[in-house]
Amino acid sequence: IEILTPGVQYQMMKDAFTSGGNIEILTSGVLHVKQPNVGIPMSVGLVCSNSFDMMTLPWLVTGHDCVIEDVLPGWTDIDKHGRRIREKTLKKHRETGKVLDLRKSDSDTGMEVDGMELEWHL
């Protein structure tokens, strides 16, 4: 929280106060992975929503959900791929007010792992 501007810190505290101490922090990024059996390198675009209870110290993670936005063959330029995922995420948020569109684990495009819902959009 030290690298956040005072305005962002104020907004986080205001949001936490108005929502009973809970805030949602969205993250997006790209993972470079290699399938162990076949050895195929892949780039995975990921968007996560993390909910925190700010009334506890240290902050308590009360929920997290992730969406796999894309899986591309090979290792992409991580900065360019990350910017594209971030822009797509912000565009969806501006248009719908949401970032994640999670379906339950009975979906053919999603699954549940260790209590976390994962979904992919290919």
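Preceding this paragraph is the structure being described.
The rules behind these values
Residues numbered from 1 in each chain as written. Predicted model: local features only at pLDDT ≥ 70, side-chain atom pairs only at ≥ 80, totals over all residues. Heavy atoms only, no water. Helix = DSSP H or I, 4+ residues; strand = E, 2+ residues; numbered from the N terminus. Expected span 1.5 Å × (residues − 1). Salt bridge = Lys/Arg side-chain N within 4 Å of Asp/Glu carboxyl O. Buried < 20%, exposed > 50% of the residue type's maximum accessible area, 1.4 Å probe, protein only. Pairing = 2+ DSSP bridges. Patch = residues over 30% accessible without salt bridge, like charges linked within 9 Å, V, L, I, M, F, W, Y side chains within 5 Å. Areas by Shrake-Rupley, 256 points an atom, 1.4 Å probe, with all protein chains shown as cover. Polar contact = N/O pair within 3.5 Å; in protein donor to acceptor, adjacent residues only side chain to side chain. Arc of directions from axis to C-beta. Contact = heavy atoms within 4.5 Å.

Engineer: Whenever I open this one, helix α1 (residues 6–18) confuses me. Can you help?
Structural biologist: Counting along an α-helix, one turn takes 3.6 residues, and residues three or four places apart therefore face a common direction. With 13 residues, α1 should cover 18 Å at 1.5 Å per step; its first-to-last C-alpha distance of 18 Å lies within 8% of that length. After α1 finishes, the residue G20 shows a positive phi value of roughly 75°.

Engineer: For this particular structure, what's the right way to read the pattern of salt bridges?
Structural biologist: Pairing of side chains with opposite charge becomes possible as their charged atoms draw close. Overall, the coordinates contain 3 salt bridges when judged by the stated rule. For E69, the salt bridge goes to K88, with nearest N and O atoms at 3.1 Å. Note that E69 is positioned in strand β3 (residues 60–73) and K88 in helix α2 (residues 78–96), a separation of 19 residues in sequence. With a relative accessible area of 38%, K88 lands in the partly exposed category.

Engineer: Hey, could you run me through the pairing of β3 in this one?
Structural biologist: For a regular strand, the rule is simple: side chains alternate between the two faces of the sheet. The pairing of strand β2 (residues 41–53) with β3 spans 12 bridges and is classified as antiparallel. Pairing of L46 across the sheet is with I68, part of β3. Two successive antiparallel strands, β2 and β3, enclose a turn made up of 6 residues.

Engineer: Would you mind showing me how to read a nonpolar patch on the surface here?
Structural biologist: Together, M13, L57 and W59 give the surface a local cluster of nonpolar side chains, amounting to about 340 Å² of exposed area. Residue class for L57 comes out exposed when judged on its relative accessible area of 78%.

Engineer: Explain the side chain of S49 to me, please; I cannot follow it from the model alone.
Structural biologist: The topology assignment puts S49 in strand β2. With a relative accessible area of 7%, S49 lands in the buried category. There is a polar contact of 2.2 Å between the side chain of S49 and the side chain of E24.

Engineer: Is there a simple way to explain α2 in this structure?
Structural biologist: Taking 1.5 Å of rise per residue, the 19 residues of α2 would be expected to cover 27 Å, and the 27 Å separating its terminal C-alpha atoms lies within 8% of that figure. Every buried residue of α2 is accounted for by H81, G82, I85 and T89. For α2, the angular spread of buried residues about the axis comes to 100°, placing them on one side. Relative to its buried face, α2 has exposed residues pointing more than 90 degrees away, namely D79, K80, E87, R94 and E95. Along its buried surface, α2 packs onto β1 (22–34), β2 and β3. Sitting at the amino-terminal end of α2 is D77, which places a side-chain oxygen 3.0 Å from the backbone nitrogen of D79. Positive phi shows up at G97, right after α2, with a value of about 80°.

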